[in-house]
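# Structure at a glance
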Amino acid sequence: MTKATADLLQGTLDMLILKALSLGALHGYGIIQRIQQMSDEMLNVEQGSLYPALYRIEQRGWVSSDWDTNETGRRAKFYTLTRAGRRQLEVEEASWDRLVLAIAKMREAS
Amino acid sequence: MRWLNVLSARLRALFHREAVIRDIDEELRLHIEMETEANISSGMPPDEARREALKAFGNQGRIKDVAYQVRGGGMLEALLQDIRYGARVLAKHKGFTLVAVLTLALGIGANTAIFSVVNELLLRPLPYREADRIVMLWEVNPNGMRNNTTSRSNFLGWRGQSTSFEGMAAFSDRRLGLTGAGGEPEEVSAQLATPELFQVLGVTPILGRTLTAEDGGPSPQAVAVLGYGLWQRRFGGDPAIVGKPITLNGMSFTVVGVLPENFQWHISTRSGTGKPAEIWVPLNMPTEGPGVYGRFLSVVARLKPGVSTEQAATELRTIHARLAQDNPERNTGWGAEAVPLREQFVGNVRPALLILLGAVALVLLIACANVANLLLSRAAAREKEIALRTALGASRMRVVRQLLTESVLLALLGSALGLLFAWWGIGALVSISPRDLINLEGVSINLTVLAWTLLVTLATGIIFGLVPALEATRLNLNDALKEGGKGMGGQGERSRRLRGALVVAEVALALVLLASAGLLIKSFIRLQTINTGFNTENVLTMVVRLPDGKYNEAPKMISFFRQAMERVRSLPGVREAGMVNFLPLYGGLGSATDFTVEGRPVPPPDRELTTSVRVADAGYFGAMGIPVLRGRNFADVEDREARHVVIISESLARLYFPGEDPLGKRISVNMFGEPRPTEIIGIVGDVRYDSLTDEARPTAYFPHPELTYPFMTLAVRTNGDPAEMAPAVRRELSAIDPDQPVSDVRTMNQVMADTVARPRFNTLLLGLFAGLATLLAAIGIFGVMNYSVTLRTRELGLRMALGARPGRVLLLILRQGLLLTLVGIAIGLAGAVALTRLMSSLLFGVNATDPLTFASIAVLLTVVSLIACYIPARRATRIDPMIALRYE
């Protein structure tokens, strides 16, 4: 099984983060875990590169963050999807679907 | 709102830098810990677990950097760093900073001062409610002359038939004698107005009421509305003034209201007083009778919402055409126009203001070029510093940003000082401005002006900083870092050419300004040397206006003025004295009408003979130095009683009596109500009455008893200083009637000065800016040549060691400077030809591309430039070859 490389388009990473957070608040490490789970380990993100993307998304107001303790009592910064973030996720998913559809059609045509 | 998030993040990063970094570190550390624990629990030994976790995380240093930048670190921090560093650099190079800041301050200060005037006159809202709906309505005479007053009859026609206006009011300025109320008798500027005036202008009184419809009409009430200034000055701000009587022109009026302090209403065009009114009384509005056709009314109207000025003007023209049909003999050939209020106020100063604004922009550009030059010279000295920064990893962008920060800092310092200059300059502007023509009292540095100055400052900093910054960062690292890679580095040739280009630009800009100033100066001289037809030396003038309540019959007026003239003539120090009803160039219009010549057929309505009409006495021509060319002056008896005689001007004789002798012919001027033939007894020289620049019009002079006026202007020719004679003349007048006020006491030289006040103002300012531009350009040329000599020290030393004579070295440097200057002059001339056309409306008697002016300016600038080159060139000849060759 070939894994998609970590060289993801930035916009795609944004969408993955939003998608991961759409099921509930997570800390950074948790987001990475969730992305791998949801993609059946097919997507492998370079873990560190998550953070610049995460901060950028936070500045756009799509997620908010708070320091808190997790289930094992460890301190971590948790991220929550905002309403603007939820809308953004819908927009990105829709445009992603269109792209996939378009590519699929082109492949059928050839 | 995103920019707000970004900004707040940046500010947080700036002020809580440590906290942000700690936050990121902590988050990333915890991430790696979690991964490590996950690895351990999946069976890895701790060491390997941590190694794998770090590997999976990626390059921690880089990620932290990027993360920090995303979180707003960097930008503002770097800016602050640049500002601190820039301030240190500027503080260290005090000489450079001082010269640059001064140069910029002059440029920015001039811009701020002129912009504050533009802002006040052209941009600031007028102080009336919804002033953009207020328009002035005028007639246009058959010759196409605009802004003519209208008659009661036409005003009533306009008002009755139009639908474009919410309200329409007529008014006319008068001087009225105010007596009693515990003060000296004085003349006040009054406005006779229809009651709607206050509704049209949207003014609410602070006491009492304004005029009501019942106050106006054919026989108006004797009521008056006081302006705030008069109320304060004359009545001590009496809060119970409403209902009290005051005496105007000998008649009693009841005060009904007081207007607010900021209310001013003055349309200088066609004003009978030339001064803002201080008191308002109802204008009588008969609908029939002889008075309804005289054109003396100014009209102001308020457009209905949504109606444009053009629509209103179209309607007005239609109505006026109808009025011409109804009354062809009064209105044939006349048109009507609507002029927006702002246009009315400043339409005639706008071209001059825009040209001045352009001029100061050019001055600022020259200042920019100078500072850019300084920066370029300094860039060479900073080459190593910049190379080092680049070698240590600063990107070119980063270094350019740092240099630009320095430039903007410099510009800000310049603008701080410039604001001080501007503040001082505005004071000077206000004091030299022709007060009655342009009201600059309200000009100040307000927020709009400050905002504009800030904008100009930032633009300035970038304009003069960008090229030097790009130039300074375009360098060869190796050359620059090598010891001894001194000064010229790899950029010598380019930088030299760039500096040359800046000098060329400065010279070209200065030439454009000098040429414009030269043209204005030349037309000003032309204005001054116009033959007006009279002699202004040693003449005192003053206006005497008899109140009509007291002097209600012609004999009383004739007697007063005859006595006055006799008394004044007998004063020691008076050579000659006379009087006239409208003094030449007094600032308003005189009377003019049509006439017929006895024995000739009456011409059709559009081919009438027309003449200006003046009332004078025998002493007038002598006192004003107007020559009697043929025939004779008025005789003594003609100053006492009407003998039906008239004196005509040379141009009247030439125009209407070609090839004939007018003496002894009789003309009948349409001025007396009934035809009255008067015999031509003399011909006098032409006088320019209306303006300096308009040709003298044909004029007929009647003696005072023939055509009696209640106001006359005395003209007194003295042996000594005419101004010193004023008190004595006033004493003689009050000896006849102690209640009689005089006004407009001016020497004839002052009258002339007031006439040319506006062109003098324009000339003075543009001349000043051109001078400033030339000075800055000279400093620029000097700076570049001086620097060039420094760079060429070795070469010049070598030449001299090899036997070059000092004279040749001098020529070498002068030639280099001259070449740049000549190129600049050529470009400047082309620019001037294109641009001076814009100022043709300000010129008189000079073509906008006057070759003589352009040539003199070119020579002047060449000489200035040679002087600026001479000092460095002299320095070049004193180079000691031995020292120069050792100088490495």
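Quick note: structure is the one above.
For the structure given in this document, a descriptive report is provided here. (Residues numbered from 1 in each chain as written. Chains lettered and ligands numbered in written order. Predicted model: local features only at pLDDT ≥ 70, side-chain atom pairs only at ≥ 80, totals over all residues. Heavy atoms only, no water.)

Turning to the interface of chain B and chain A, a few remarks are in order. If you look at the interface, chain B gives 27 residues, while chain A gives 22 residues. When chain B packs against chain A, the two sides together hide about 2200 Å² of surface, and 55% of this comes from carbon and sulfur. Our enumeration of links across chain B and chain A arrives at 10 residue pairs in polar contact (both at pLDDT 80 or more). Taken together, the elements giving at least two residues each to the side of chain B that touches chain A come down to helix 1 (2–15), helix 2 (17–41), helix 3 (46–57) and helix 4 (60–70) of chain B. It is helix 2 of chain B that contributes the most residues to the side of chain B that touches chain A, 12 residues altogether. Classifying every residue of the side of chain B that touches chain A gives 13 nonpolar, 5 polar and 9 charged. (Contact = heavy atoms within 4.5 Å. Buried area = accessible area lost by both parts, 1.4 Å probe. Polar contact = N/O pair within 3.5 Å; in protein donor to acceptor, adjacent residues only side chain to side chain. Helix = DSSP H or I, 4+ residues; strand = E, 2+ residues; numbered from the N terminus. Nonpolar A, V, L, I, M, F, W, Y, C, P; charged D, E, K, R; others polar.)

Take the sheet that holds strand 1 (residues 26–27) of chain A next. Read across the open sheet, the 3 strands follow the order 1-3-2 (chain A); overall the sheet is antiparallel. Whereas interior strands pair on both sides, the edge strands pair on one side only; in this sheet they are strand 1 and strand 2 (63–69) of chain A. (Pairing = 2+ DSSP bridges.)

Take the pairing of strand 3 (residues 75–81) of chain A next. Within a regular strand, side chains alternate between the sheet's two faces. Residues and elements named next belong to chain A. Counting buried positions along strand 3 yields 5 of 7 residues, so the element is predominantly enclosed. Sheet topology note: the strand 2/strand 3 ladder contains 7 bridges and is antiparallel. Paired with Trp67 across the two strands is Lys77, which belongs to strand 3. Counting the residues between successive antiparallel strands, the hairpin from strand 2 to strand 3 contains 5 residues, one of them, Gly73, with a positive phi of roughly 80°. (Buried < 20%, exposed > 50% of the residue type's maximum accessible area, 1.4 Å probe, protein only.)

What follows concerns the nonpolar core. All names here are of chain B. Formed by 75 residues in total, the largest nonpolar core has its most connected members in Ile114, Leu121, Leu513, Leu766, Phe769 and Leu796. Listed by contribution, the elements that provide at least two residues to this core are helix 6 (94–123), helix 13 (350–381), helix 15 (396–432), helix 18 (492–528), helix 25 (757–791), helix 26 (793–801), helix 27 (806–835) and helix 28 (851–877). No other element matches helix 25, which puts 14 residues into this core. (Core = buried A, V, L, I, M, F, W, Y, C linked by side-chain atoms within 4.5 Å.)

The subject of this paragraph is the packing of helix 3 (residues 50–59) of chain A against helix 4 of chain B. Direction vectors running N to C along helix 3 of chain A and helix 4 of chain B enclose 5°, while the axes themselves pass 9 Å from each other. Between helix 3 of chain A and helix 4 of chain B, the interaxial angle falls into the category roughly parallel. Residues Pro52, Tyr55, Arg56 and Gln59 of chain A of helix 3 of chain A touch helix 4 of chain B, and the partners they reach there are Ile63, Val66, Ala67 and Val70 of chain B. Looking at the contact of helix 3 of chain A with helix 4 of chain B residue by residue, the classes come out as 6 nonpolar, 1 polar and 1 charged. (Axes fitted to C-alpha atoms, helices over the stretch in contact; angles between N-to-C directions. Parallel < 35°, antiparallel > 145°, perpendicular 65-115°, else oblique.)

Time to look at the environment of Thr179 of chain B. Along the chain, Thr179 of chain B falls in strand 3 (residues 165–179). Sequence separation of Thr179 of chain B and Gln740 of chain B is 561 residues, and the distance between their C-alpha atoms is 9.3 Å.

Moving on to the side chain of Asn581 of chain B. By the element assignment, Asn581 of chain B lies in the loop between strand 13 (574–580) and strand 14 (591–597). When near neighbours in sequence (up to four residues on either side) are disregarded, Asn581 of chain B contacts Arg614, Val615, Tyr709, Phe711, Met712 and Thr713 of chain B.

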